[in-house]
Amino acid sequence: MSVHCFTSISLNYLAKARVLGRTLKKFHPDWRLSVCITDLCPEGFELDLEREPFDNVVWTEDFLGAGCRPWLFKHDVVEVCTAVKGPMIRAMTEGREDYIIYLDPDTAVFNSLSPLLDILSHKSIVLTPHQLTPEATESAVIDNEICSLAHGTYNLGFIAIRNDAIGRQFGAWWEQRLLKFCFDDKPAGLFVDQKWCDLIPALFDGVEILRNPGYNVASWNLSNRKINFGSDGSISVNGVPLRFFHFTKLGPIGDTMTQKYALDNTDVYELWSWYKRQVDDLAEPRIPRGWWYYGKFSNGENITKAMRRLYRNRPDLIAAFPDPFAATPGGYSEWYAANA
């Protein structure tokens, strides 16, 4: 029985992916972990896989081919690091792995994830909802339930599939949708991959909605999940083992939401403090702050979201500028400055 996990990052998330890798391998050294990186290395830095807690690195431009540059340009960093999950999971279904698990890079594993395999022995797709319990206050309804209505019912920082006929059918569907429609465009009904996955229980058989509170704990569900450290070092949530915690929005936003809903559950703050130390300890000093290779034209000029949005909505521009990143005479950046 083989398990292949993967995550998706730009190099700015490398330290977080290292924490994920170390914590996952602590409990599952035999599980394979791949990292899809939609980025290129800055000068003076080269990823040494022998020193990393990953088994494999997939560089998006190699994986999708040189012709993917127009596609890359259409997306900001969040959109594109989400969009590659579809082709990754589809490609992995072509291998011999029995089970495929995606975890966001800002996740840490605190207990065995083997119970997921028990579920996947008779189910094909496993999803975790953002909330398991109705909120009790209007503020929490606005922050969490209405937010789920806008962004999607299920948190796609995690998904697991069995490599069976349904899993492969799902992978092909997800790849097609994310390659073409993985945008943060809520007026159009889109929020990257999450809104698409609201359709999964309707479109596919064998779907498990995992209602165990120990999975995918995060700031958006702390109002109904209490973290507790045991005297033996174990960590529980509502009396069951904490399997993994999703440390989304590391920084002021995550801190604010955690303080708002954790309240006097002080063990949550200890968990966040531990995670921040881990990320700091594993930070890569050779990667400049804010680095993302695909965030700039070749001359170093920043690419704005408006530039990307116009390009992706204009087939004539896509045809005219097959490498929109190139800041050459007559290139897209020059055209945009003169015409947009």
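In case you missed it, the structure is sitting above this.
I will try to describe carefully the structure that is included in this document.

About the cut-offs
Residues numbered from 1 in each chain as written. Predicted model: local features only at pLDDT ≥ 70, side-chain atom pairs only at ≥ 80, totals over all residues. Heavy atoms only, no water. Pairing = 2+ DSSP bridges. Helix = DSSP H or I, 4+ residues; strand = E, 2+ residues; numbered from the N terminus. Contact = heavy atoms within 4.5 Å. Axes fitted to C-alpha atoms, helices over the stretch in contact; angles between N-to-C directions. Buried < 20%, exposed > 50% of the residue type's maximum accessible area, 1.4 Å probe, protein only. Polar contact = N/O pair within 3.5 Å; in protein donor to acceptor, adjacent residues only side chain to side chain. Right-handed = clockwise from strand over helix to strand, strands pointing away. Phe/Tyr/Trp six-rings, centres within 6.5 Å; stacked < 30°, edge-to-face > 60°. Lys NZ or Arg CZ within 6 Å of the ring centre and 35° of its normal.

1. As for the sheet that holds strand 11 (residues 227-229)
Point 1. The sheet built from three strands is open, its strands ordered 11-12-13 with antiparallel pairing. Looking at the sheet topology across the chains shown, the edges are occupied by strand 11 and strand 13 (240-241).
Point 2. Where strand 11 meets strand 12 (residues 235-237), three bridges bridge the pair, whose relative direction is antiparallel. Within the sheet, the bridge partner assigned to Ile227 lies in strand 12 and is Val237.
Point 3. Relative to the sheet, helix 12 (residues 266-281) contacts strand 11 and strand 12, its axis offset from that of strand 11 by approximately 75 degrees.

2. A word on the environment of Asp267
Point 1. Locating Asp267 in the fold gives a position in helix 12.
Point 2. With a relative accessible area of 17%, Asp267 lands in the buried category.
Point 3. Between the C-alpha atoms of Asp267 and Leu222, which are 45 residues apart in sequence, the distance is 12 Å.
Point 4. Other than its neighbours up to four places away in sequence, Asp267 contacts Ile227, Asn228 and Phe229.
Point 5. At 2.9 Å, the side chain of Asp267 forms a polar contact with the backbone nitrogen of Phe229.

3. Things to note about the pairing of strand 2 (residues 32-37)
On a regular strand, each side chain points to the face opposite its neighbour's, so the side chains alternate between the two faces of the sheet.
Point 1. Burial of strand 2 is extensive: five of the six residues sit out of reach of the surface.
Point 2. A crossover links strand 1 (residues 3-9) with its parallel partner strand 2, the connecting element being helix 1 (residues 14-27), and its sense is right-handed.
Point 3. In terms of strand pairing, strand 2 meets strand 3 (residues 56-59) through four bridges, oriented parallel. When the bridges of strand 3 are listed, Ile37 appears paired with Trp59.

4. Re the packing of aromatic side chains
Point 1. As enumerated under the stated definition, the model contains 28 aromatic pairs in all.
Point 2. Ring geometry for Phe73 versus Tyr311: centroids 5.0 Å apart, planes at 70 degrees, classification edge-to-face. Placement of the pair is Phe73 in helix 3 (residues 69-73) and Tyr311 in helix 13 (residues 305-312), with a sequence separation of 238 residues. Each member of the pair, Phe73 as well as Tyr311, carries the same accessibility label: buried.
Point 3. Joined through ring pairs, the aromatic side chains of Phe73, Trp292, Tyr293, Tyr294, Phe297, Tyr311, Phe321, Phe325, Tyr332, Trp335 and Tyr336 make up one cluster.
Point 4. We note Arg308 situated over the ring of Phe73; from NZ or CZ to the ring centre the distance is 5.4 Å.
Point 5. Over the ring of Phe183 we find Arg312, and its NZ or CZ is 3.8 Å from the ring centre.

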